[in-house]
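Residues per chain, in single letters:
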Amino acid sequence: MSADRKTFKRRMGECLFALAVGLLLTMMMEWAVGEDFMTRQQARAYAPIAGITYGEGSRDDIRVLLIDDAALAAAGQEWPARYSYSARLLRAVGQYQPKAVFVDIYYSARRDDESLRSLIDQVCALHAQGTRVFMATARNRDQQYSLRPELEALAGRCFEKVAVSYTPDELDRLAWTYNLGTPGAGHGAAGLKSAALALYETSGKTVPVEHHAMALTWGSHSAAHGVDWVVNNPETGKPTSYCRNTLGLGELMPPGMRSSFYTDGDKPICVFHETIRAGALASTTPEEDAHLRQLIAGKVVLIGTALSDSNDLVLSPLHGRIPGVYLHAMALDNLMNFGEDYARAMHLSFDVSNIKLLLFLVVAMVLVTLLPKQLMEWLGWSLARKPAGKHDWRGAARYLLSCVVRVLLSLAVGCLLLWIGQYWLGLGFLSIINVMVLTMLAEWFDFNEKLLDYIFPHLEAPEAH
């Protein structure tokens, strides 16, 4: 057998062994702790890379309109505000001719407010002018998606009901996934489309609602205007923004290192979508009016709340705790950006429906262990064992450096494969990152053994008899 053939068989054997060890470690960890906590940490480390490669997405077509404490105070309102306040807000938005409006406020409770008629009239007026209107709803005690009766009677005529129910991740409470639809309440009852899917369909396109949820990709490019929250700076005692602008490639640093190089590196990134304050619509100059028209005309506008006593919040892996309306905005952005090729949140199981995931893992694991070795040879960094006989500190240092290069190459190849799986094959990176990382760890297990050959040559492993 030729030397090249032996080398190839040796490398393929190492690749397959590393893959087997990676899969075994994954299954053992899930068996030991019920779920894999490390997966979330690995996914959070990769999330900035996914956010950078996501680019600008489709955020120029989306606007978020926030009702905050300042807007309520200026209007002489407390939450829940009177229906007339919502009506005035919709009227102000409608004059700028948006393509669609989603109201992420659940009007279900029956309360004594005679201004309800003004809200109903304004919703129907928006529909009449050609603006699609969507209103949030969730299941009530009777397992029905319903609003208060006066509004319910107009559903399907002046507006469409959409589902906004959301369940955070059971382990880290982060928003990794988004359900595109909700099941019916039984007896053949139809479910509801999610807010993001219904808004996406205003473009004339649609995607199927599958049992796999959408794996969200959060964009990391900060909007010019986002959530205007402030916190006290512990060093100066002065108020400062709760978030920061994206650091570009600096986002790839580990959190501790990033905090050392950047003064606000420990803060979350500011939100991805351009945000308009509700108070900005109350009174405008001609210049402000022209700017608002440029922001809103022909756009999809999502109206939500950012109140100090609100619990409508979600946790983003990049942006921290943010108003829940941004979850729907990001899901809509993903649909606009990927269409039917959006990433699916799959779980590793030997199932026919997961055949694409399993095949990708096998191919990716071979590449993630084989390519770095080949690249090392091209770079002239030999990882061959040195003959025993004397101390070789210079060789040990060179070997350590080659190990670092090999680790970095493996990580680079792994990130590239995650990107391919996410953007080309529609696989959520939370589904595959754990097996890839553990496979790379299995491939790196021999580093210490080889390092001993340089420093302690007399401790050479005994030959097998």
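Quick caveat: nothing in here was measured; it's all calculated off a predicted structure. (Residues numbered from 1 in each chain as written. Predicted model: local features only at pLDDT ≥ 70, side-chain atom pairs only at ≥ 80, totals over all residues. Heavy atoms only, no water.)

Participant: I'm lost on the packing of aromatic side chains in this one. Help?
Facilitator: For any pair of aromatic rings, the description rests on two quantities: the centre-to-centre distance and the angle between the ring planes. This structure, assessed with the given rule, holds four aromatic pairs. Taking 5.9 Å as the distance between ring centres and 50 degrees as the angle between the ring planes, the aromatic pair formed by Tyr 83 and Tyr 107 counts as tilted. With Tyr 83 in helix H4 (residues 83–94) and Tyr 107 in the loop between strand E2 (100–103) and helix H5 (116–128), the pair connects residues that are 24 residues apart, well separated along the chain. On the accessibility criterion, Tyr 83 (1% relative accessible area) is buried. (Phe/Tyr/Trp six-rings, centres within 6.5 Å; stacked < 30°, edge-to-face > 60°. Helix = DSSP H or I, 4+ residues; strand = E, 2+ residues; numbered from the N terminus. Buried < 20%, exposed > 50% of the residue type's maximum accessible area, 1.4 Å probe, protein only.)

Participant: What am I meant to see in the pattern of salt bridges here?
Facilitator: Any two side chains of opposite charge can pair, so long as their charged atoms come close to each other. Taken as a whole and judged by the stated rule, the model has 13 salt bridges. The shortest N-O distance in the salt bridge between Arg 63 and Asp 60 comes to 3.5 Å. Arg 63 sits in the buried class, given a relative accessible area of 6%. A residue is classified by how much of its surface remains accessible, and Asp 60, at 51% relative accessible area, is exposed. Among the ionic pairs, Asp 113 bridges to Arg 111, the shortest N-O distance being 3.7 Å. Judged by its relative accessible area of 8%, Asp 113 is buried. Residue Arg 111 is classed as partly exposed on the basis of its relative accessible area of 26%. One salt-bridge network, held together by shared partners, links Arg 82, Arg 111, Asp 113 and Glu 114. (Salt bridge = Lys/Arg side-chain N within 4 Å of Asp/Glu carboxyl O.)

Participant: Honestly, the confidence of the model for the chain in this entry has me stumped. Any pointers?
Facilitator: Low pLDDT marks stretches whose predicted atomic positions should not be read closely. Summing up the model confidence of the chain, the mean pLDDT is 79 and the portion of residues at 70 or higher is 69%. For the chain, per-element mean pLDDT is lowest for helix H14 (residues 447–455), which scores 51, and highest for E2, which scores 98. Ignoring residues within four places in sequence, the model shows residues 185–189, a span with pLDDT below 50, making four contacts including any to other chains. (pLDDT = per-residue confidence, 0-100. Contact = heavy atoms within 4.5 Å.)

Participant: Explanation requested: empty space enclosed by the protein in the structure shown.
Facilitator: Over the atoms rolls a probe the size of a water molecule, and its path tells where empty space is left. Under the counting rule described, the total for this entry stands at three cavities of 30 Å³ or more. In this structure, the largest cavity spans a volume of roughly 50 Å³. Every residue along the wall of the largest cavity is listed here: Ile 67, Ser 86, Leu 89, Leu 90, Val 103, Ile 105, Tyr 107 and Ile 303. Looking at the lining of the largest cavity, the element that brings in the most residues is H4, giving three residues. Within the lining of the largest cavity, the residues separate by chemical class into seven nonpolar, one polar and no charged. (1 Å grid on protein atoms, 1.4 Å probe; cavity = no way out; pocket = protein on both sides within 12 Å on 5 of 7 lines; lining within 4 Å. Points joined across faces, edges and corners; volume = space filled by probe spheres on them. Nonpolar A, V, L, I, M, F, W, Y, C, P; charged D, E, K, R; others polar.)

Participant: For this particular structure, what's the right way to read the side chain of Glu 251?
Facilitator: By the secondary structure assignment, Glu 251 is in the loop between strand E8 (239–241) and helix H8 (255–261). Looking at Glu 251, the relative accessible area reads 3%, which means it is buried. A polar contact is formed between the side chain of Glu 251 and the backbone nitrogen of Leu 247, at a distance of 2.8 Å. Those residues in contact with Glu 251 that lie beyond four places of it in its chain are Pro 48, Ile 52, Arg 244, Asn 245, Thr 246, Arg 258 and Ile 269. (Polar contact = N/O pair within 3.5 Å; in protein donor to acceptor, adjacent residues only side chain to side chain.)

Participant: I tried to follow the sheet that holds strand E3 (residues 132–137) on my own but got confused; where do I start?
Facilitator: Within a beta sheet, neighbouring strands are joined by backbone hydrogen bonds and run either parallel or antiparallel to one another. Ordered by their spatial adjacency, six strands build an open sheet running E4-E3-E2-E10-E1-E9, and the pairing between neighbours is parallel. At either margin of the open sheet sits one strand with a lone partner, and together these are strand E4 (160–163) and strand E9 (275–277). Taken over all neighbouring pairs, the strand axes of this sheet differ in orientation by 30 degrees on average, direction set aside. Across four bridges, the pairing between E3 and E4 is parallel. By the bridge assignment for E4, Ala 136 is matched with Val 162. (Pairing = 2+ DSSP bridges. Axes fitted to C-alpha atoms, helices over the stretch in contact; angles between N-to-C directions.)

Participant: In this structure, what is going on with the environment of Ile 67? I would like to understand it.
Facilitator: Among the structural elements, Ile 67 can be located in strand E1 (residues 62–68). Residues Ile 67 and Ile 303, spaced 236 residues apart in sequence, show a C-alpha to C-alpha distance of 7.6 Å. For Ile 67, the residues in contact, after removing those within four places along its chain, are Leu 72, Trp 79, Tyr 85, Leu 89, Ile 105, Ala 278, Ile 303, Gly 304, Thr 305, Ala 306 and Leu 307.

Participant: It is not clear to me how the state of the cysteines should be interpreted in this structure. Could you clarify?
Facilitator: Throughout this description, disulfide means a covalent bond between two cysteine sulfur atoms. Following the criterion strictly, the structure yields two disulfides and no others. A sulfur-sulfur distance of 2.1 Å marks the disulfide that ties Cys 124 to Cys 158. Disulfide Cys 124 to Cys 158: torsion about the S-S bond roughly 100 degrees, handedness right-handed. Of the two residues, Cys 124 sits in helix H5 while Cys 158 sits in the loop between helix H6 (149–152) and E4, which places them 34 residues apart along the sequence. Its relative accessible area of 21% is what places Cys 124 among the partly exposed residues. Shown here for the chain is a disulfide pattern of 1-2, 3-4, where each number marks a bonded cysteine counted in sequence order. (Disulfide = S-S within 2.5 Å.)

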